[in-house]
Amino acid sequence: MTEPTYLRDTRDGYDKISADYAERFPTMLVDGPLGRAMLTAFAESVQAAGGGPVVEVGSGAGRVTGYLDSLGVRVSGVDLSPAMVALARRNHPELRFEEGSMTALDLPDGSLAGLVAWYSVIHVPPELHPGVFAEFHRVVAPDGHLLVGFQVGDEPLSFTEAFGHTVSLDFHRLSPDRVSDALEKAGFTVEARLVREPSGDEKVPQAYLMARRRA
Ligand SMILES: C[S@@+](CC[C@H](N)C(=O)[O-])C[C@H]1O[C@@H](n2cnc3c(N)ncnc32)[C@H](O)[C@@H]1O
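Residues numbered from 1 in each chain as written. Predicted model: local features only at pLDDT ≥ 70, side-chain atom pairs only at ≥ 80, totals over all residues. Heavy atoms only, no water.

Trainee: Can you help me understand unusual backbone geometry in this one?
Mentor: Most peptide bonds are trans, and most residues other than glycine sit at a negative phi. Residue Pro-53 follows Gly-52 across a cis peptide bond; omega there is 0°. With respect to the element layout, Pro-53 can be found in the loop between helix H2 (33–48) and strand E1 (54–57). (Helix = DSSP H or I, 4+ residues; strand = E, 2+ residues; numbered from the N terminus.)

Take a look at the structure:
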């Protein structure tokens, strides 16, 4: 089957910018205290259910995967971009990172205690989110946990240039209500949502949704 253009463009874009990304954000702290609070709450919920396995989809350079590992979660990462996977492996040689797409995960049904998508579903066109959330539902075990982070808004950001490279990278800002509805329809119960105001260089609010797969 031919790969959709948006996946090819996203992979090519991150492959091109990975080295600059690593240089610019060498030891980037994971978001602010509220983002970290949601990751900590997620980690505690997973620990109450045995501590893993958890997969971060769209793990990038591995900062969130590494943060969850530091909280005692058994976690690995999956990313579309081979260059980002290589970077994550270099940053966290103790953790496992694989190439793959959240649209078709190479994981058995019901095999995860939890899944995190932290600023990665933003690269999937919103009309395709039902299919991606169905895939999350397939791989997460009944009662398992899900955490999704994204920028809030209606207008996508499209970049044709990044760090001096020609790219075609779309960042879809999303509506917390619409993402919640899509998660509910896919078989998750949204248990908590946090929307915070922009801080630092951010232009728009940021949202974190925590959900649980219905049994
Ligand atoms: C903005 S970065 C976020 C990385 C990481 N979650 C973090 O917060 O540091 C988005 C990442 O998602 C990955 N990505 C985009 N679409 C993906 C897909 N369909 N499947 C897996 N990874 C994807 C990109 O390659 C990129 O590394």
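Next comes the rest of the write-up.
Trainee: Help me out: how do you make sense of the site of the ligand in this one?
Mentor: Near the ligand there are 20 residues, and of these Glu-56, Gly-58, Arg-63, Asp-79 and Trp-118 occur at the shortest range. Take Glu-56: an N or O atom from its side chain is 2.7 Å from a nitrogen atom of the ligand. Against a free-state accessible area of 600 Å², the protein chains account for coverage of 96% of the ligand. Of all elements in the fold, only helix H1 (5–24) and helix H3 (63–70) reach the threshold of two or more residues within the shell around the ligand. Broken down by element, the residue count for the shell around the ligand peaks at three residues, all from H1. Broken down by class, the residue content of the shell around the ligand amounts to eight nonpolar, nine polar and three charged. (Near = heavy atom within 4 Å. Polar contact = N/O pair within 3.5 Å; in protein donor to acceptor, adjacent residues only side chain to side chain. Areas by Shrake-Rupley, 256 points an atom, 1.4 Å probe, with all protein chains shown as cover. Nonpolar A, V, L, I, M, F, W, Y, C, P; charged D, E, K, R; others polar.)

Trainee: Honestly, the sheet that holds E1 in this entry has me stumped. Any pointers?
Mentor: Backbone hydrogen bonds hold the strands of a sheet together, and the pairing may be parallel or antiparallel. Spatial strand order, E3-E2-E1-E4-E5-E9-E8: seven strands in an open sheet with mixed pairing. Every other strand in the sheet has two partners, leaving strand E3 (97–99) and strand E8 (188–196) as the edge strands with one partner each. The sheet shows a mean angle of 15° between the axes of neighbouring strands, direction not considered. As paired elements, E8 and strand E9 (residues 206–213) share eight bridges and run antiparallel to each other. For Val-190, the partnering residue across the bridge sits in E9 and is Ala-211. Contacting strand E2 (75–79) and E3, helix H4 (residues 82–91) crosses the sheet at an angle of about 170° to E3. This element, helix H5 (residues 129–139), spans E1, strand E4 (112–118), strand E5 (140–151), E8 and E9 of the sheet and lies at about 145° to E5. (Pairing = 2+ DSSP bridges. Axes fitted to C-alpha atoms, helices over the stretch in contact; angles between N-to-C directions. Contact = heavy atoms within 4.5 Å.)

Trainee: Could you clarify how one ought to interpret the pairing of E9 in this entry?
Mentor: Where a strand is regular, its side chains alternate between the two sheet faces. With respect to burial, E9 is a largely interior element, seven of its eight residues being buried. In the sheet, E5 pairs with E9 via seven bridges, with the strands oriented antiparallel. Bridge pairing in E9 links Leu-147 to Met-210. (Buried < 20%, exposed > 50% of the residue type's maximum accessible area, 1.4 Å probe, protein only.)

Trainee: Quick question: what am I supposed to make of the pairing of E5 here?
Mentor: Burial of E5 is extensive: 10 of the 12 residues sit out of reach of the surface. As defined by bridge partners, E4 adjoins E5 across six bridges and the pair is classed as parallel. In the strand pairing of E5, Gly-114 is matched with His-145. After leaving E4, the chain enters H5 and then returns to the sheet as E5, a path that is right-handed. (Right-handed = clockwise from strand over helix to strand, strands pointing away.)

Trainee: Would you mind going over the side chain of His-92 with me for this structure?
Mentor: Note that His-92 resides in the loop between H4 and E3. Residue His-92 is classed as buried on the basis of its relative accessible area, which comes to 17%. Sequence-distant contacts of His-92, defined by excluding residues within four places in its chain, comprise Ala-61, Gly-62, Arg-63, Gly-66 and Phe-97.

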